[in-house]
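The lines below spell out each chain.
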Amino acid sequence: MSTRAERLGEAVAARGLDALVITNLPNLRWATGFTGTNGAAVIGPDVRVFLTDFRYVEQAAEQVPDFERQRAGQSLLADLAERLSGRVGFEDQWLSVRSHGRLRDAAGDGVELVGASGIVEELREVKEAHEIETMRAAAQIADQAYAELAERGIAGRTEKQIAAALEVRMRELGAEDRSFPAIVASGGHGALPHAVPRDVAVERDTLMIVDMGCVVDGYCSDCTRTFATGAVSDEAQEVYDLVARAQLAGLDAVRAGADCRAVDTVARDMIDAAGHNEHYGHGLGHGVGLEVHEGPRLAQSATGSLRTGNTVSVEPGVYLPGKLGVRIEDLVAVSDDGCEILTGFTKELVTLS
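Only a predicted model underlies this, so the values are computations on that prediction, with no experimental measurement involved.

Asks: Help me understand the packing of helix 9 (residues 234-253) against helix 10 (residues 260-273), please; the structure alone is not making it clear to me.
Replies: When two helices pack together, their arrangement is given by the angle between the helix axes and the distance between those axes. The geometry of helix 9 relative to helix 10 is characterised by a closest axis approach of 8 Å and an angle of 160° between their N-to-C directions. Judged on the interaxial angle alone, helix 10 and helix 9 are roughly antiparallel. Classified by chirality, the crossing of helix 10 by helix 9 is right-handed. Between helix 9 and helix 10, the residues in contact are Leu-242, Arg-245, Ala-246, Ala-249, Gly-250 and Ala-253 and Val-263, Val-266, Ala-267, Met-270 and Ile-271, respectively. Partitioning the contact of helix 9 with helix 10 into residue classes produces 9 nonpolar, 1 polar and 1 charged.

Here it is, written out as structure tokens:
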């Protein structure tokens, strides 16, 4: 099996480039294994060069053994430019205008810099077996935190306290970080899809959204569950049941070869038919990996099809302003005949004491 650097070199050549400059840290980690905060690489069919500063020289020796390594001086970009020749791609989605100018000036007239974002990201979309296993481990940590929340309950606790406790608990269970700040939002606050937890007690006899994930060995998990905080209204139960059905339909549509837009449509049509088209404004899902939001996307604006090894979220929602919100999300790994659901906590409506 070819290495990541070899596959990347082939992809660079297919774009008509002699090399690609990688500066985006998640892309750099995927391509080289480097986990520090300052570095860059030049990768092509015939070149593999890695540069970092004094702080990470020893770390790079351990993590990037198969590259020619260079300790950068005062200007990493200037040193990088000396290693360039021919037609060279750069990550125009990530490299700032100022940094591009410095790189261009240092490289001189003999180098043609070409915007080439997406080369690494496209390769990252298809996960290797060990990547999926790592994400499965991250999902299991979040599952345990959800189970302990259901057991402990919410009595006397604020949204902010619950969110903080969940993040701490995931670290205690082995996570190295949170995937993103945990969302805990009850009642009408749950109608904000990316609500910030408030320093107020959880509202009773309504619904509460909890959206969280953690990082294991650099890879993220992402899972959302909606809980009852007591006896809920008929309207709340109906919305929950609708979203649950739409989420299951979305999961059933996920498989290698499925059109990304069509997968989104399956769940969206169910919510639209129930009269909630104005209450569901985000896509069905997104890729998850080294970043919690990456490709591919499941949305009406998406292009392309799912491939075996993609890891995506499936997370329809309905948000009634001033009343409540419901979102149910699983993280799945795409296979030829469907998908493996990596998140395991129940999707039955659990009532918290």
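Now that the structure has been shown, the text picks up again.
Asks: How should the environment of Thr-23 be read in this particular structure?
Replies: Relative to the elements of secondary structure, Thr-23 occurs in the loop between strand 1 (19-22) and helix 2 (25-32). Among residues more than four places away in sequence, those in contact with Thr-23 are Gly-39, Ala-40, Glu-91 and Leu-95.

Asks: Looking at this structure, I do not really get the nonpolar core. What am I missing?
Replies: The nonpolar side chains of soluble globular proteins are, as a tendency, buried together. One finds Leu-8, Leu-20, Ile-22, Trp-30, Ile-43, Phe-50 and Leu-342 to be the most contacted residues of the largest nonpolar core, which totals 35 residues. Contributing elements (two or more residues each) for this core: helix 1 (4-14), strand 1, helix 2, strand 2 (39-44), helix 6 (119-125), helix 7 (129-152), strand 11 (219-220) and strand 18 (330-335). Leaving out residues up to four positions away in the same chain, Leu-342 has contacts with Ile-132, Met-135, Arg-136, Ala-139, Asp-143, Leu-331, Val-332 and Ala-333. Counting residues in each nonpolar core, the second largest holds 31 residues, with Ala-228, Ala-253, Ala-302 and Val-312 among its members.

Asks: I'm lost on unusual backbone geometry in this one. Help?
Replies: With an omega of 0°, the peptide bond running from Gly-295 to Pro-296 counts as cis. With respect to the element layout, Pro-296 can be found in strand 14 (residues 294-298). We note that Asp-205 has phi near 55°; this positive angle belongs to a residue other than glycine. In this fold, Asp-205 is placed in the loop between strand 8 (183-186) and strand 9 (207-212). Despite not being glycine, Asp-217 has its phi angle at roughly 50°, a positive value. Along the chain, Asp-217 falls in the loop between strand 10 (214-216) and strand 11. Owing to a relative accessible area of 47%, Asp-217 belongs among the partly exposed residues under this scheme.

Asks: Explanation requested: the sheet that holds strand 1 in the structure shown.
Replies: The pairing of strands in a sheet happens through backbone hydrogen bonds and is either parallel or antiparallel. Read across the open sheet, the 6 strands follow the order 4-3-2-1-5-6; overall the sheet is mixed. Among the strands making up the open sheet, the edge pair consists of strand 4 (68-71) and strand 6 (111-115). Mean inter-strand twist for the sheet, computed between neighbouring axes without regard to direction, equals 20°. Direction of pairing for strand 1 relative to strand 5 (residues 86-90): parallel, over a ladder of 3 bridges. Note that in strand 5 the partner of Leu-20 across the bridge is Gly-89. Across the face of the sheet, helix 1 comes into contact with strand 1, strand 2 and strand 3 (47-52) while running at roughly 65° to strand 2. The strands touched by helix 2 are strand 1, strand 2 and strand 3; relative to strand 2, the strand with the most contacts, the crossing angle is about 55°.

Asks: Would you mind going over the packing of helix 7 against helix 8 (residues 159-172) with me for this structure?
Replies: Where helix 7 meets helix 8, the axes come as close as 9 Å, and the angle between the chain directions of the two elements is 135°. Taken together, the axis directions place helix 7 and helix 8 in an arrangement best described as oblique. Crossing angle aside, the handedness with which helix 7 passes helix 8 is right-handed. Facing helix 7, whose interface residues are Ile-141, Ala-142, Ala-145, Glu-148 and Leu-149, helix 8 presents Ile-162, Leu-166, Arg-169 and Met-170. Of the residues that constitute the contact of helix 7 with helix 8, the class distribution is 7 nonpolar, no polar and 2 charged.

Reading the values: rules and limits
- By convention here, each chain's residues receive numbers from 1 onward along its written sequence.
- Owing to the predicted nature of the model, reporting of local features is limited to residues with pLDDT of at least 70; listing and counting of side-chain atom pairs is limited to 80 or more, with chain, interface and lining totals taken over all residues.
- Hydrogens and water are ignored here; the side-chain numbers use all heavy atoms of the structure.
- Axes here mean lines fitted to C-alpha atoms, for a helix over just the part in contact, with angles spanning 0 to 180 degrees between N-to-C directions.
- Numbering goes from the N terminus for both helices and strands, where a helix is a DSSP run of H or I of at least four residues and a strand is a run of E of at least two.
- Roughly parallel refers to an angle under 35 degrees, roughly antiparallel to one over 145, roughly perpendicular to one between 65 and 115, and oblique to any angle outside these ranges.
- Two helices cross in a left-handed way if the nearer one is turned anticlockwise from the farther one by less than a right angle. They cross in a right-handed way if the turn is clockwise.
- Should any heavy atoms of two residues lie within 4.5 Å, those residues are considered in contact.
- Nonpolar residues are Ala, Val, Leu, Ile, Met, Phe, Trp, Tyr, Cys and Pro. Charged residues are Asp, Glu, Lys and Arg, and all others, Gly as well, are polar.
- To define a nonpolar core, start from buried Ala, Val, Leu, Ile, Met, Phe, Trp, Tyr and Cys residues and group those joined through side-chain atoms within 4.5 Å.
- We call a residue buried when its accessible area falls under 20% of the maximum for its residue type, exposed when it is over 50%, and partly exposed in between, using a 1.4 Å probe and counting protein chains only.
- Any two strands between which DSSP finds at least two bridges are classified as paired.

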